[in-house]
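# Observations on chain architecture
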2 protein chains.
Amino acid sequence: MQSRKEEIKSAAARLFRKKGYSATSMRDIATAVGIKAASIYNHFKGKQDLLQDLLLNIAHLFEKGMAEIESSSLPPAEKMEKLIALHVRLTVEHADAIALIAGEWMHLKDPVLTEYVTIRNTYEQDFKSIIEAGKTDGYFKDHDTEIILFSILSTMRWLYTWYSRHKSYNQVELEKQMTDCLLNGIKK
Amino acid sequence: MQSRKEEIKSAAARLFRKKGYSATSMRDIATAVGIKAASIYNHFKGKQDLLQDLLLNIAHLFEKGMAEIESSSLPPAEKMEKLIALHVRLTVEHADAIALIAGEWMHLKDPVLTEYVTIRNTYEQDFKSIIEAGKTDGYFKDHDTEIILFSILSTMRWLYTWYSRHKSYNQVELEKQMTDCLLNGIKK
DNA sequence: GTCTATATGTCGATAGAC
DNA sequence: GTCTATCGACATATAGAC
């Protein structure tokens, strides 16, 4: 059961992803839902409000997932596996909204833009702490932390493009192979 | 020495990257160059023409790089290293245009859109052939070829965001660490 | 080759009827 | 809660003077 407000949100997410935020008009979104553009303003304050709703929601899901992993007492290598699983799960469940993280967050306006960037920076800092703990404990090699973070996050952030073309792929198997690729590499 | 036409192109690339294609106006580009919007039309047919010029140019650079690597008689593992080096080099030399590959190619219009996608698909097919040759020769593990391709390409395609924040990083060292991360993983 | 002026269209958002 | 009608801003692109 999806309310009209939810209908508008998911149509907006799909269109922002496909055509980009700026190239998507309120008329486009309204048509996709089967109403007129003016009617959207009974549910949202405007186009920017829609983008902010979508992006803050997904940002908070990542925040929550990271908090749970950090507060666990698992060793760094297993925390890393949990992080990869978190990205895979959120991507599968919120593919359209995730896509906006990659390409449309720049269209946020202040003060939400600042809020969003702060959340993202904190997330990356937490990620780096786990990598460094893994190096200290001798689980990870001594690569530059920034480069390790970048390699993993970039792969995770593109997962949504890949997954849209391979929906049939088993989620558990995907998670397993990605984790192994990232942690152990592709060379024999 | 940069001609006026080149000035316009690089201003467009920088603005398309920063604000997105749709949100960038001809007035924005003109102002950045120090002329009026109408003057751009003496150098380019329109905004779409600018995007096509930028994207086809960078696509052809990848095509050329891949052709050189493929025609070499190096073993697959070394071809892979050359491919990573190709991405690093093109990213450092054409950061703005490379960014458009990640987020703005969707705004291309046919027939150039079809041409661009065809070039990209061919590039990915060539990449997969090298991965599969590497598996056959026993250099690479038996992961799903699609997943290996995706892991590597996604990291390469996000390099431009990372590099803009770490311009001081030594290019040779960057190449070495990225190659090692991708091929051998981060686990000890 | 750059300018001013302008044609033509679409945008986000609002007012007010029902 | 959805509609019609509309406003004002800004978009791409063109015509023609200099």
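Description of the structure in this document. Bear in mind the structure is a predicted one, so any value in this text is a computation, not a measurement.

About the cut-offs
- Residues numbered from 1 in each chain as written.
- Chains lettered and ligands numbered in written order.
- Predicted model: local features only at pLDDT ≥ 70, side-chain atom pairs only at ≥ 80, totals over all residues.
- Heavy atoms only, no water.
- Near = heavy atom within 4 Å.
- Polar contact = N/O pair within 3.5 Å; in protein donor to acceptor, adjacent residues only side chain to side chain.
- Helix = DSSP H or I, 4+ residues; strand = E, 2+ residues; numbered from the N terminus.
- Nonpolar A, V, L, I, M, F, W, Y, C, P; charged D, E, K, R; others polar.
- Least-squares fit on C-alpha atoms with pLDDT ≥ 70 in both.
- Contact = heavy atoms within 4.5 Å.
- Buried area = accessible area lost by both parts, 1.4 Å probe.
- Salt bridge = Lys/Arg side-chain N within 4 Å of Asp/Glu carboxyl O.
- Expected span 1.5 Å × (residues − 1).
- Bend = angle between axes of the 7 residues up to and from the residue.
- Buried < 20%, exposed > 50% of the residue type's maximum accessible area, 1.4 Å probe, protein only.

With that settled, consider the protein's contact with DNA strand C. Around DNA strand C, a shell composed of 15 residues is seen, among which Met-26 of chain A together with Arg-4, Lys-36, Ser-39 and Asn-42 of chain B lie nearest. Here the atoms of DNA strand C within 4 Å of the protein split so that 58% fall in sugar or phosphate, with bases taking the remainder. Separating a phosphate oxygen of DNA strand C from a backbone N or O atom of Met-26 of chain A is a distance of 2.8 Å. One of the backbone nitrogen or oxygen atoms of Lys-47 of chain A is found 3.0 Å away from a phosphate oxygen of DNA strand C. Those elements that place two or more of their residues in the surface near DNA strand C are α2 (26–33) of chain A together with α3 (37–40) of chain B.

Let us now look at the protein's contact with DNA strand D. Near DNA strand D lie 15 residues; those nearest to it are Arg-4, Lys-36, Ser-39 and Asn-42 of chain A together with Arg-27 of chain B. Taking all atoms of DNA strand D within 4 Å of the protein, the share assigned to sugar and phosphate is 61%. With respect to DNA strand D, the backbone of Met-26 of chain B contributes an N or O atom lying 2.9 Å from a phosphate oxygen. Listing elements by their share of the surface near DNA strand D, those giving two or more residues are α3 (37–40) of chain A together with α2 (26–33) of chain B. Across the surface near DNA strand D, the residue classes break down as five nonpolar, six polar and four charged.

In this arrangement, two copies of a chain are superimposed by a rotation about an axis accompanied by a shift along the axis. Mapping chain A onto chain B calls for a screw motion: a turn of 180 degrees about the axis and a shift of 0.0 Å along it, with 0.0 Å RMSD after fitting. With respect to symmetry, the two chain copies, as superposed, fit the operation of a two-fold axis. Looking at the rotation axis and the C-alpha trace of chain A, the residue lying nearest is Gly-185 of chain A, at 1.8 Å. In this assembly the copies share their binding face: 100% of the residues contributing to the interface of chain A also contribute to that of chain B.

Where the parts come together, the accessible area they lose is often given as the size of the interface. The partner chain B presents 45 residues to the 45 residues of chain A that form the contact. Of the roughly 4,300 Å² buried between chain A and chain B, counting both surfaces, carbon and sulfur atoms make up 61%. A per-residue breakdown of the area chain A buries against chain B is headed by Trp-158, Ile-186 and Lys-187 of chain A, which together make up 18% of the total. Across the pair Glu-124 of chain B and Arg-165 of chain A runs a salt bridge whose closest N-O atoms are separated by 4.0 Å. Counting the contacts that link chain A with chain B gives 23 residue pairs in polar contact (both at pLDDT 80 or more). Counting residues per element, the ones that place at least two in the side of chain A that touches chain B are α1 (4–19), α5 (76–93), α8 (145–165) and α9 (171–184) of chain A.

Residues and elements named next belong to chain A. Here α8 contains 21 residues, and its C-alpha end-to-end distance of 31 Å stays within 8% of the 30 Å for a straight helix at 1.5 Å per residue. Maximum bend of α8: about 40 degrees, positioned at Leu-159. The element α8 is largely enclosed, with a buried count of 17 among its 21 residues. Where α8 begins, the capping side chain belongs to Asp-144, and its oxygen is found 2.8 Å from the backbone nitrogen of Glu-146.

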